[in-house]
Every structure is written in structure tokens, then in C-alpha cells.
Amino acid sequence: MSVVGLDIGNENCVIAVVKQGGIDVLLNEESKRETPSVVFFGEKQRFLGSAGAASATVNPKSTLSSLKRLIGRNFKDPDVQNELKMLPFETSEGPDGGILVHLKYLGKAREFAPVQILAMLFAHLKEIAEKNLETLVVDCVIGIPSYFTDLQRRAYLHAAAVAGLKPLRLMHDCTATALSYGIYKTDFSNAGPTNVAFVDIGQCDTQVCIASFIEGHMKILSHAFDASLGGRDFDEVLFHYFAAQFKEQYNIDVYSNVRACVRLRAACEKLKKVLSANAEAPLNIECLMDEKDVKAFIKREEFEKLASGLLERISIPCNKALAEARLTVEKIHSVELVGSGSRIPAITKLLASLFKREPGRTLNASECVARGCALQCAMLSPVFRVREYEVQDSIPFSIGISSDDVPIFKGPNGVLFPRCQPIPSVKILTFQRSGLFHLEVFYANPNELPSGGSQKISRFKIGPFQSHSEKTRIKVKVQLNLHGIVNVESATLIEGQTDDSIGRENANPRMHKMEAESASDDSSVTVENANKDNASVQSKSLHPSSANIIKDQSPKRLELPISENIYGGMTKAELAEAREKELLMAQQDQAMEQTKDKRNVLESYVYETRNKLLNTYRSFASDREREGISRSLQETEDWLYDDGDDETENAYTSKLEDLKKLVDPIENRYKDEEGRAQATRDLLNCIVDYRMAVDSFPAKDRESIVDECNKAEQWLREKSQLQDSLPKTTDPVLWSSEIKNRAEQLNRTCKHILQDDTSHPNTEDKKGSDYQV
């Protein structure tokens, strides 16, 4: 088994793996360290990663990308609609309000959810890892943006499950970056924690986190983000600038042509990279549209002026992260800048001015997330031994909970998991209920969510059950797990008063208690923290009956059924159906690859045989045979490039077998001539060896062995003379296999003679009895 870290970027993916001695980034089939986040649907198979990206400009409507921007999103979300306008493929609203992608596959119109498309990409990355490592890959840690909602996180887990992966953790991108930075650092100050700001400007988003480091420990103090500001927005500024310029200069409307838009965006991205190292850069595109070549030119100063609005937005999440961490710029010891969109000089200048220090680039900007994920995977996996290093992450949203649509708590602090709550965390809620009830989990503060994010998370049904006592309590264990997902782990019905709550209050007088105002008149709610540090925080209920303490020496406990409903999430049936579809598509891809291999083998055989027939095999084939084979080769070649261009695997195999039936006799003659010469030498050497050793054999065996050698030599002479009299264009009368058999027969006969003699030893000639051939 091996553990990997996956960074699924909007544009490219990176796979990192932990090996003895360090972390390696795996190469894809093109020997590149980054794999495009692209899935292309051909007529009969899918092309993933680099193969899919190669088809992006040829058939953009069947090329799916920007999956990160669509996963777990609502179709009617204005941001999603703006996103879809930039994408060339057709989409519609799904039954659950999500997104459906429409395309043609295997001759039929198909619909795919973003989760299914992401699963295809995961499966491709898994295949790359397994080919590199030559072992099964299951355990992984996947990098995700900190602004991902509960639904988006679940979608990632579902996609990974469809692909056959088992994520040990969904890790925030900046947290993974901080881990890959801090675990190897040995120069942290002993005077106190070292605070480092990590600014990750990706292709489609900007994320900032403040991390605090001490020896062997890393704590994330804050997360901030702009989910719609990334490197591609700078590309888009150039795209609109040149589109307007081309309309005026060349009278072409790029927006009206999907293929032209794709090509211009790709050219603008390259131009942006050139401007990062140069003060000015040209733009040249041949046949952009209407068979017109276009040329343009821009200076870096112009570009920075066009993008001034975007540059100003970068400072917003930076200031937000500082405020959330309750730190001033002076308390930040260093700034690390990473991400594919971070190479613009104006961004570096802006961050230097904001943090009053030059941003560092000690990490690989494109690989740091995958490396951090791989490290975390090794820490969580029992397969590897990693030195002790604690990673404490936090959730960037406030999460609340209500019971039967009535809030459990009121007031600004009445959320179950407040913003910056450590991950993972567990809290135990104690209710007084007489029958089935529901718990609703939601985001308490919509202002914390990215634009368009839904406040609703999930709804849990506890029960059904019947209460036989007024003292019935329901203890519900709610977990904010390693993935940042809220789950109700268990619900236990307790009839009768137990002593544990009394003992807990009396045993620890220093326990911090927080008042929680109950919003329900018919029940009391108690909240306990149950984190790994065993800190217990209990709130007092205002319900009068909660003050009555009735001891029961034998309380009854019963585990209650829990039903989960994730708003917009996949059901178990949908997940099983997605797995089955992925398996069928993978089998189809494999069948098509095998068919292509058979076609390539047939095509190679045609060209190689034609060349050999004119050279290597020329003297071993008659004129009639050469003409017949040449005619068959030409017919096969014509068929390959006409009717046989898209045939079945069996058709190519059958054609190859038909050709081999004609060519094999000639090939056998050619190969056997060399083999016959070697076999002849081997037999003659064997005869010579026995004749030279005959004096050491027993006296009565010498004549028999010499006689056998003479017979073998005579047979070889007669057969060789007959073979030499025949032309090379006929099948041999003496095959190399016959000569080998004759040599083996001579050996067996001679050994048999000697073995018979050693079984009846001659006292007069003991020396000969010890000889072995």
C-alpha cells in the first residue's frame, strides 16, 4: 500500500507520494509533474488529463474543465451562471437544483453531474499513481479550498469513493501548504510562537491563512478567502482587452465563436506569464477566426492598469485574516506566496507594501499543497512512521443547530461550532424528548459564506422511539470531523437519572460554564464539549425540571436510529449508480485502448513485412509468394485507412492472422537457416567431445559410443547434402529442431551406456566409471 496527496486545481492536478527519504511528485504519461484537470468525451471513449487537454481546442463542447467551480453548486446561483457563460459545454438545472452537463457519448445524448466528472479525474490520477508506484493506491488526502461548504466537501468524498479512493482527510489548501513549510523548519524561535501568513493565489481563487508554529506543533489561527479572484481573472482582463481591439482592428467578434474564445484565452494566459518576466509582450494568433491572423502588443504597465481593480481586492482577504487572528502586521514574522497565479510582479509588490516585508517563495508554488497532503496522509496512515507533529486546523464558518425548526440557542454566541472551531471537534447535546424529533444543521452567519452559498446543510431524524418516563433524556453526539463535515454520530435514549452528570459538576469546580438560553419551552438542552483534550464544557439549562435530580442506579440506555438528509447531496442509491456507470465507462475505455493497440499492431505488421519482403525475406520467398503477400498487404492497408479505420478488436486480430498465415512459412525459412547452422555446430561439437573423451571411458563402452557418434555424423552429412541441394524458397527438409533432437538423442544414448556400466563397476577400470558428460 502507498499513500498519496492530491491537489485538484481548477486548471491542473498534482500527485505527491511519500517515499523513504522524502516526498516525490509523480510524473504523468507525458513525464510532466502537472496533469490538466480536463475530461474529454470522444465518440466511443473518454480522454482524461493530458490526452483530454489536447482535444480542448478541436472540440471544446465535449471538453469538460473548471470542475472545482461547479462541484456542489446551485445552477441558479448568479456566480455559477457567470461561470457557465465562460465554459463551452452545454448545461442545465438538475432535479435537485444542481448542475447537469450535456454531451454526446457512444452515439447517445448523456447527462453527467459534476461529481461524476470529478470521479473520472480522480480515477485517472489514481491510475497514474498506481503505474508509477506499481502498487495499489487507496488511502489519500485531498486538498480543498477553505471556503468549500459542507455539500462541496461531501461531493469530493463521493467522487473519491466512486473512483475507488479512501480519503483519510480533506485538507484545506493553505493548511497543507503550512504543513509542508513548517514540518521541515528547524529555526523557529524558542521565545514564542512564530506567525506566518500564507497567501495562495490560485487559478480561480485567493486564499489566505495565518499559521502559528512552535516546535512540533502547527495551529491555524484564521482562514480568509476571495472565492472568485484568481489568475484566470487577470487572463480575462487581457481577453476582454484584446477582444475589443480585434473587433475594432480586424472586424471580428471573438465572442461569437467558441473555438476562437478558447484559443484567445489560452494565448492571454501565455502572454500574462511573459509579462511576469518582461516589460512588454506581443500576441500573435494564426487564423483566430474567419481565416484572419491577428497581432497585438501590450506593456506591463498597461496590463497592471487594466487589472488595478483585481489587485486591490487581494488586500481584502489578507486584512480579514489578520483581523480574525487578532494580530497586527508587526506580529507576522514572514509571508509565503504560493499558487499558480502568484507570479505577477504587481501582486508581490502589493503584498510587500501590505505586510511591510518582501513575500518569500521558499515553497514550490504549484506543488506545495500536494506535498502537504501527502505528509498528512502519511501521518494518518498506519503504514508509515512519521515523527510527531501536531496539525490543528479550524473551520472558517459558524455552524448552528436547531431542533424541529426551533433554534436551540439564541444570541450571537448561540452557535454549536463557532467560527475558527478546531477540526475535529465533538459536542454532546442532551435533550428531553418523548418521541421522534429532528435536528437541523445550518451555517449561522451567511456573511461568512462565499457568494451564493446556501445556509442549509443537513437534517437528521432521531427516532422513532417511545418514552415511558418523564425523566427520558436523549444524548446526541455531534461531530465536526476531519473533513470539516458535521455528522450526528449517535443518539442514545437514557431512562432514569444517572450519577455521571452530578459527579462531573461536583468533581471539577473549576470547569468553565457557559450560559445557553433555551429557545424551547418543552425541553432542556445541555451541551458538552468532547474534544480529544477531554476539556468538558457544560451549559446550564433554564428548564425548571432540569434542577430536579433523581438518582437511578440502573438507567436504561437504547441506541436510537438516525436518518440523514443532506440538502443537495447524493443518496446511497445515486452513489451506487454512479459507481456502476464509472465502471462501465472504464471498461469501455479499456476496450477501445485494446482495439487501438490491435490496430496499431496490424498497421506496424503491414509496413514491417513489406520492408522485410523486399530485403530480409527476399531470397526465401518465391515470386508467386511475394506477389500474393504484397497484394494482401496492400489490400489490408487500404482497408485500414478506409472501412477498417473504426473496426472491432476481433476484426483487426482476424486480419493479422490471415496475413501471418501467408508470411509465417517464409519467416520460418529465414529464421531456421540461422538456427540450423547453430544446431549443426552444436551437434558436431557434441560428437567431437565424445570422440576426444572416449579414451577415458570403460573399454567395453568405447566401441558403442564411437559407433553412435559415427551414426549421428553420417545422418547429419546426408541430410545437409540434401538440404543444400534445395533452393531457399522451399521449406527445409532438415529443420533446426530435428538437428537439436538428434543431438539430444546422442547425449541420451551415450549417457545410458555409461550409466549401465557404472551400475556394474569394473574393478580393472575404475577411472572410466567416474566420468560424466
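Since the structure is predicted, the reported quantities are computational estimates derived from the model, not experimental observations.

**Description of the overall build of the chain**
Thought 1: Along the chain, the regular secondary structure elements total 19 helices and 32 strands.
Thought 2: Relative to its 773 residues, the chain shows a buried fraction of 50%.
Thought 3: Residue pairs in contact within the chain that sit at least 24 positions apart in sequence constitute 70% of those at least 6 positions apart.
Thought 4: When the accessible surface of the chain is totalled, it reaches about 38,000 Å², and 48% of it is carbon and sulfur.

**Details of the packing of helix H7 (residues 231-250) against helix H8 (residues 258-277)**
A pair of packed helices is captured by two measures, namely the crossing angle of their axes and the spacing between those axes.
Thought 1: Closest axis-to-axis distance for the H7/H8 pair is 8 Å, and the angle between their directions is 120°. Crossing handedness for the pair H7 and H8: right-handed. Of H8, the residues touching H7 (which contributes Gly231, Phe234, Asp235, Glu236, Leu238, Phe239, Phe242, Ala243 and Phe246) are Cys261, Leu264, Arg265, Cys268, Glu269, Leu271 and Lys272.

**Notes on the sheet that holds strand S5 (residues 39-41)**
Each strand in a sheet pairs with another by means of backbone hydrogen bonds, the pair being arranged parallel or else antiparallel.
Thought 1: Pairing is antiparallel in the open sheet, where 3 strands are placed in the order S6-S5-S7. What marks the edges here is a single partner per strand, and that holds for strand S6 (46-48) and strand S7 (63-64).
Thought 2: As judged from the 3 bridges shared by S5 and S6, these two strands associate in the antiparallel manner. In the strand pairing of S6, Phe41 is matched with Arg46.
Thought 3: Docked against the sheet, helix H4 (residues 114-133) engages S5, S6 and S7, running at close to 110° with respect to S5.
Thought 4: Where helix H14 (residues 572-614) meets the sheet, its contacts fall on S5 and S6, and the angle it forms with S6 comes to roughly 90°.

**Here we look at the packing of helix H15 (residues 623-640) against helix H16 (residues 649-693)**
Thought 1: For the pair H15 and H16, the least separation of the axes is 11 Å and the interaxial angle reads 160°. Classified by the angle between their axes, H15 and H16 sit roughly antiparallel to one another. Judged by the sense of rotation from one axis to the other, the crossing of H15 with H16 is left-handed. When H15 is examined against H16, the residues Glu625, Ile629, Ser632, Leu633, Thr636, Trp639 and Leu640 are found in contact with a partner set consisting of Ala651, Tyr652, Lys655, Leu659, Leu662, Val663, Ile666 and Arg669.
Thought 2: Broken down by class, the residue content of the contact of H15 with H16 amounts to 10 nonpolar, 2 polar and 3 charged.

**Observations regarding the sheet that holds strand S10 (residues 108-112)**
Thought 1: Strand order in the open sheet made by the 3 strands is S8-S9-S10, with antiparallel pairing throughout. Because the sheet does not close on itself, it has two edges, and the strands there are strand S8 (90-93) and S10. Taken pair by pair, the neighbouring strands of this sheet meet at an average axis angle of 35°, ignoring direction.
Thought 2: Summarising the sheet, S8 and strand S9 (residues 99-105) pair through 4 bridges and their orientation is antiparallel. Paired with Thr91 across the bridge in S9 is Val101.
Thought 3: The strands touched by H4 within the sheet are S9 and S10, with S10 carrying the most contacts at an inclination of about 90°.

**Describing the side chain of Arg742**
Thought 1: Summarising the element assignment, Arg742 is placed in helix H18 (residues 736-759).
Thought 2: The side chain of Arg742 is buried and forms no salt bridge, while Glu708, the nearest opposite charge, is found at 5.1 Å.
Thought 3: Sequence-distant contacts of Arg742, defined by excluding residues within four places in its chain, comprise Leu683, Lys711, Ala712 and Trp715.

**Re the pattern of salt bridges**
Should their charged atoms come close, side chains of opposite charge can pair.
Thought 1: According to the stated counting rule, one finds 38 salt bridges in the structure shown.
Thought 2: When the shortest N-O distance is used, the salt bridge between Lys356 and Glu330 registers 3.5 Å. Of this pair, Lys356 sits in the loop between helix H11 (345-355) and helix H12 (368-380) while Glu330 sits in the loop between helix H10 (308-325) and strand S18 (334-338), and the two are 26 residues apart along the sequence.
Thought 3: Residues joined in a network through salt bridges with shared partners are Arg33, Glu367 and Arg371.

**A closer look at a negative patch on the surface**
Thought 1: Taken together, the side chains of Glu635, Asp638, Asp642, Asp643 and Glu647 make up a negatively charged region of the molecular surface.
Thought 2: Residue placement: Glu635 occurs in helix H15.

**Topic: unusual backbone geometry**
Excluding glycine, residues mostly have negative phi values, and the peptide bonds linking residues are mostly trans.
Thought 1: The peptide bond linking Ile423 to Pro424 adopts the cis configuration, its omega dihedral lying at -5°.
Thought 2: In this structure, Pro424 sits in the loop between strand S22 (422-423) and strand S23 (425-431).
Thought 3: With an omega of 10°, the peptide bond between Gly463 and Pro464 qualifies as cis.
Thought 4: By the element assignment, Pro464 lies in the loop between strand S25 (456-462) and strand S26 (473-480).

**Here we look at the environment of Ala244**
Thought 1: Mapping Ala244 onto the fold places it in helix H7.
Thought 2: Through-space distance from the C-alpha of Ala244 to that of Tyr255 is 9.9 Å; in sequence the pair is 11 residues apart.

**Some details on the nonpolar core**
Thought 1: The biggest cluster of nonpolar side chains holds 82 residues, and the ones touching the most others in it are Ile8, Phe41, Phe122, Tyr156 and Val476.
Thought 2: Take this core: its biggest share by element is 11 residues, from H4.
Thought 3: The residues touching Phe122, leaving out its near neighbours within four places in the chain, are Leu6, Ile8, Ile142, Tyr156, Ala159, Ala160, Ala163 and Leu165.
Thought 4: Cys261, Leu310, Leu327 and Ile347 belong to the second largest nonpolar core, which has 52 residues in total.

**Observations regarding H10**
Thought 1: Here H10 contains 18 residues, and its C-alpha end-to-end distance of 27 Å stays within 8% of the 26 Å for a straight helix at 1.5 Å per residue.
Thought 2: Taken residue by residue, H10 has Leu310, Leu311, Ile314, Ser315, Pro317, Cys318, Ala321, Leu322 and Ala325 as its buried positions. The buried side chains of H10 occupy one side of the element, clustering within an arc of 160° when seen end-on. Opposite the buried face of H10, at more than 90 degrees from it, the exposed residues are Glu312, Ile316 and Ala323.
Thought 3: Along its buried surface, H10 packs onto strand S13 (194-201), strand S14 (206-214), strand S15 (217-226), H7, helix H9 (300-306) and H11.
Thought 4: A positive backbone phi angle near 60° is found at Arg326, which sits one or two residues after H10.

**Regarding the pairing of S14**
Thought 1: For S14, the tally of buried residues reaches 8 of 9 residues, placing the bulk of the element in the interior.
Thought 2: Sheet analysis places S13 next to S14, joined by 8 bridges and oriented antiparallel. In the sheet register, Asn195 faces S14, and the bridge partner there is Ser212.
Thought 3: Between the end of S13 and the start of S14, which pair antiparallel, lie 4 residues.

**Topic: the packing of aromatic side chains**
Thought 1: Taken as a whole and assessed by the stated rule, the structure comprises 22 aromatic pairs.
Thought 2: Here Phe41 and Tyr105 contribute two aromatic rings whose centre-to-centre distance is 5.4 Å and whose plane-to-plane angle is 85°, an arrangement assigned as edge-to-face. With Phe41 in strand S5 and Tyr105 in strand S9, this residue pair connects regions lying 64 residues apart in the sequence.
Thought 3: Here Phe41 falls in the buried class, since its relative accessible area comes to 2%.
Thought 4: Using a relative accessible area of 2% as the deciding quantity, one classes Tyr105 as buried.
Thought 5: The interplanar angle of 55° and the centroid separation of 5.7 Å between the aromatic rings of Tyr181 and Phe213 together place this pair among those described as tilted. Residue Tyr181 is found in helix H6 (residues 173-182), and its partner Phe213 is found in strand S14; the two are separated by 32 residues along the sequence.

Quick notes on the rules
- Residues numbered from 1 in each chain as written.
- Predicted model: local features only at pLDDT ≥ 70, side-chain atom pairs only at ≥ 80, totals over all residues.
- Heavy atoms only, no water.
- Helix = DSSP H or I, 4+ residues; strand = E, 2+ residues; numbered from the N terminus.
- Buried < 20%, exposed > 50% of the residue type's maximum accessible area, 1.4 Å probe, protein only.
- Contact = heavy atoms within 4.5 Å.
- Areas by Shrake-Rupley, 256 points an atom, 1.4 Å probe, with all protein chains shown as cover.
- Axes fitted to C-alpha atoms, helices over the stretch in contact; angles between N-to-C directions.
- Left-handed = near helix turned anticlockwise from the far one by under 90°.
- Pairing = 2+ DSSP bridges.
- Parallel < 35°, antiparallel > 145°, perpendicular 65-115°, else oblique.
- Nonpolar A, V, L, I, M, F, W, Y, C, P; charged D, E, K, R; others polar.
- Lys, Arg positive; Asp, Glu negative; His and termini not counted.
- Salt bridge = Lys/Arg side-chain N within 4 Å of Asp/Glu carboxyl O.
- Patch = residues over 30% accessible without salt bridge, like charges linked within 9 Å, V, L, I, M, F, W, Y side chains within 5 Å.
- Charge placed at Lys NZ, Arg CZ, Asp CG, Glu CD.
- Core = buried A, V, L, I, M, F, W, Y, C linked by side-chain atoms within 4.5 Å.
- Expected span 1.5 Å × (residues − 1).
- Arc of directions from axis to C-beta.
- Phe/Tyr/Trp six-rings, centres within 6.5 Å; stacked < 30°, edge-to-face > 60°.

On their own, these measurements won't tell you what the molecule is for.
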